[in-house]
Structure formats: C-alpha cells, structure tokens
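# Report on the structure
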Amino acid sequence: MPLILTNSQMKEHILKWLLPQYISTLNTSLTTALTTFSLSPSSIQQPLRTSLTVGNATTLFMPCSYDNTTSIKTVCVSPDHPPNGNITLLSATTGELEAILHAEEITGFRTALVSMLLLRARHAAGMRVRNAVVFGTGKQAVWAAKLFELGFEGVKVMIVGRGTGKEVRDKMPGELKGRSWYHFGRKDGKEEELRDWVENADAVFCCTPAKEPLFPMQWITENTYVSLVGSYTPDMVEVEPGLLKKEGVTMVVDSVEACLKEAGELIQGGLERDDVVELGTVLAKGEAVTGICVFKCVGMGLMDLVVGREIVRIAEEAGIGVKVEGFDGEEAEE
C-alpha cells in the first residue's frame, strides 16, 4: 500500500524530531548515492530537470531512477507564493506506487544535509566549525542553521536577512525563536559587524535567489567553507564569480553537467569542466578538502529519491502517514 505524507506530518512528526542516528543514516545513504552518481553514472538514470511556465509560475520536473526506485519531484515556483510540490516514489521494475511526500520541508532539509557532507569531513579532520554565517531566512537557511546546531557542538550561528534584525528574528519558525542565534538585518545592521562575522566564519552558507553578490569576495579568508544553494538560474549569483577561480580555491559541485548549465556563478565566471570537481568524486576519496572550498548545489532528483525513501522508512516505523488500500488492486483498475 502506498504511503501519503502531508506537509504537517513531515514538519511536525518526522523532521522536527529527527534523532542523531537518523541523520547519520541519511548522510551514509546520500554519500553512497552521490559516490555512485560520480563513479558509476550508468547505474543511475537522471535527466536534467525540465519545466513548464504558465504566467509567472514555473513548474519544475526532476526525475530519477536508482537502486530499484524511480522518483519524480514536481515543484511550482512563483513570486506570488512559496514553492509547492511533491515527491512521488515508484518501484522501478513494476511501476507500483510506493509513496507520495509533500516536498516543501524535504527540499530545504535535503539541501542542507548535502551541503554539510564536506563540512563534516573537514570538521572531523580537525578544521573545527566554531562560527557560521547563514544568508537567508527561508527553508534552506533555517535547515542549515538547525543542522549546524545538531552537528557541531558549541557553534555560533548568525542568520542574515534583508530586513531589520527584529524582522529576521520574527521570520524564524516559532520553535526556533528562542535559539541563541544572532539575527542580523541588513536594513539596520552595521556592515562592519557583518564583515567581521564573515571574515571569522568557518562556514558561510548562502541560501537566497540573489542576482547580486551578497558580500565582497575579499571577506572570505583562508580555510573557509562556502556553500551556494539559493541561486539556480544563469542570471543568479550569491557570490562574486571571481571567487570561484581564485587561486587556492577548490570548486566542488553536486553535478558538473547541471551546474555548468544552470549555475549563474559558474556561467558568469566562465568556469569549465576542468575547473570543478563533483561532490561524489571527493566523497569517494574519503579525504577532507583543505583551504577555501566552495560548494555549488543546484539540486538533483537523486537527493530527493534517497532522502524521501529514508523518510518513508522512518514514517512507517513510527506509524505516521496515511496508507491507501486498494490503490493498485482490482478496485483501482475498474
């Protein structure tokens, strides 16, 4: 029987209470899948995303087939409302529907998880994460801040938004308003304070659909990890493209093919295939990337498939969600 998971079930009953062992399992599953994607690409079928535009709303379709499961994520993005979509999981051999999951919370969660993989390796190798700056106040930014708190004991986190400091704080979900995070509003905050935070950050996460750099590239200092996950079209840039080609910078991407086609920072910076290395290739080596490391993620259906499948397993163990009886039976065929 297929399982249906609503947004509230995802948010309030699964992701909100994720235990450390679940995070560890998800990290292992993602590492295995991403390594397979880079080293054995023929075992994964994942066409580039396609889209349909109606008015000012664009619906994206992200299909993938891996490890006997086929998935398709459908998400609608528009300036008039938050992103809205779902992830469908099917048996790759029979086509039997396995699950439908609301995609809003999973998207931010899986993006933050993937962005932390290299950072966790650096942290374990002695490049400790003590200070982090997160640009943005949406789902990706909130999940980045949550995972910093869960994965790096004692880390100090600054969240940067476009409004006032109070407005940035007020945008946080209710259960997070009491966190000891620093909330910086670019409307009333001092740029000198922001510069000091960025220059002393061990990790900077950019989670906005910006079309102008969020800060001068000179603010990024030696051994900083920079994650770029908010921009996803050729005209969007969260950092100066020159940072990506700066001497000593290691440029890592989730998918070489997708990033060279979709990532504004790479396109505007004139980067080519030889200028970047795929995340799965780095993870397969089992070595931490030293120096300045920039990670660009435009997102892949493979990530939704892997995380979605693990979320379904967790939900079934906890008895969460709605099982649809007879969906593939005779009654459904009549």
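To be clear, the structure that these remarks concern was listed above.
Read on for a plain summary of the structure.

Conventions used here
- Starting from 1, residues in each chain are numbered consecutively following that chain's sequence as written.
- A pLDDT threshold of at least 70 governs which residues receive local features in this predicted model, and a stricter bar of 80 or more applies before side-chain atom pairs are shown or counted, although totals over entire chains, interfaces and linings include all residues.
- Hydrogens and waters are ignored; side-chain quantities use all the structure's heavy atoms.
- Runs of E in the DSSP output that reach at least two residues are strands. Runs of H or I that reach at least four are helices, and both are numbered from the N terminus.
- The globule rule is 2.2 Å times the number of residues to the power 0.38, and the radius of gyration it is compared with is taken over C-alpha atoms.
- Under the scheme applied here, a residue whose accessible area is under 20% of the maximum for its type counts as buried, over 50% as exposed, and between as partly exposed, the area being computed with a 1.4 Å probe on protein chains only.
- The contact criterion used throughout is that any non-hydrogen atoms of two residues lie within 4.5 Å.
- For the area figures, the Shrake-Rupley method with a 1.4 Å probe applies, and any residue is considered shielded solely by the protein chains shown.
- In summary, the charge assignment counts Lys and Arg as positive and Asp and Glu as negative, without counting His or the chain termini.
- Charge coordinates come from a single atom per side chain, which is NZ of Lys, CZ of Arg, CG of Asp or CD of Glu.
- When DSSP finds two or more bridges between a pair of strands, those strands are recorded as paired.
- Fitted lines through C-alpha atoms give the axes, limited to the stretch in contact for helices. The angle between two N-to-C directions lies from 0 to 180 degrees.
- When the centres of two rings from Phe, Tyr and Trp lie within 6.5 Å, Trp using its six-membered ring, the rings pair. Their planes under 30 degrees apart give stacked, over 60 give edge-to-face, and anything left gives tilted.
- By definition here, charges over rings are those cases where NZ of Lys or CZ of Arg is within 6 Å of the ring centre and within 35 degrees of the ring normal.
- Each residue after the first adds 1.5 Å to the expected span of a helix.
- A residue's bend is the angle separating two fitted axes: one through the seven residues that end there, the other through the seven that start there.

### Re the overall build of the protein chain
The helix and strand inventory of the protein chain stands at eleven helices and 15 strands. On C-alpha atoms alone, the protein chain measures out to a radius of gyration of 20 Å, which is about the 20 Å that the 2.2 N^0.38 rule sets for 334 residues. With the principal axes as the frame, the protein chain shows a C-alpha extent of 65 × 45 × 45 Å. Across the 334 residues in the protein chain, those meeting the buried criterion constitute 49%. Sequence separation of 24 or more characterises 66% of the internal contacts of the protein chain that already satisfy a separation of 6 or more. Carbon and sulfur atoms form 50% of the exposed surface of the protein chain, whose accessible area is close to 15300 Å². Positive and negative charge centroids in the protein chain, built from 32 and 44 side chains respectively, lie 7 Å apart.

### Observations concerning the sheet that holds strand 6 (residues 97–102)
With respect to topology, seven strands assemble into an open sheet ordered 2-3-4-5-6-1-15, the strand pairing being mixed. The open sheet has two edge strands, strand 2 (50–54) and strand 15 (322–323), and neither has a second partner. Sheet topology places strand 5 (residues 81–91) next to strand 6; five bridges connect them, and they run antiparallel. Residue Ile 87 lies in a different strand from strand 6, and its bridge partner there is Leu 101. Helix-sheet contacts for helix 1 (residues 7–14) involve strand 1 (3–5), strand 6 and strand 15, and the interaxial angle to strand 1 is about 80°.

### Considering the packing of aromatic side chains
Throughout the structure, instances matching the rule amount to seven aromatic pairs. Ring geometry for Phe 148 and Phe 152: centres 5.9 Å apart, planes at 45°, overall tilted. There is no split in this pair, since Phe 148 and Phe 152 are both buried. Note on Tyr 182 and Trp 197: the rings are 4.9 Å apart at their centroids and 55° apart in plane angle, and the pair reads as tilted. Of the two residues, Tyr 182 is situated in strand 9 (residues 182–185) and Trp 197 in helix 6 (residues 191–199); the sequence distance between them amounts to 15 residues. Of the residues examined, Trp 197 reaches a relative accessible area of 14% and is grouped as buried. Every member of this aromatic cluster is reached through a ring pair, and the members are Phe 148, Phe 152, Phe 205 and Tyr 225. Above the plane of the ring of Phe 152 lies Arg 120, whose end atom (NZ or CZ) is 5.8 Å from the centre. A cation sits over an aromatic face here: Lys 146 above Trp 143, 4.2 Å from the ring centre.

### Section: helix 3 (residues 104–124)
Helix length check: helix 3, at 21 residues, gives a terminal C-alpha distance of 31 Å against a target of 30 Å (1.5 Å per residue), a fit within 8%. Maximum bend of helix 3: about 35°, positioned at Leu 117. The element helix 3 is extensively covered by neighbouring structure, given that 16 of its 21 residues are classed as buried.

### A short note on the pairing of strand 3 (residues 57–66)
Examined bridge by bridge, strand 2 and strand 3 share five bridges and lie antiparallel to one another. What sits directly across from Thr 53, in strand 3, is Thr 58. Where strand 2 hands over to strand 3, the hairpin turn is made up of two residues, of which Gly 55 adopts a positive phi near 65°. With nine bridges joining them, strand 3 and strand 4 (residues 69–78) adopt antiparallel strand pairing. Paired with Met 62 across the strands is Lys 73, a residue of strand 4.

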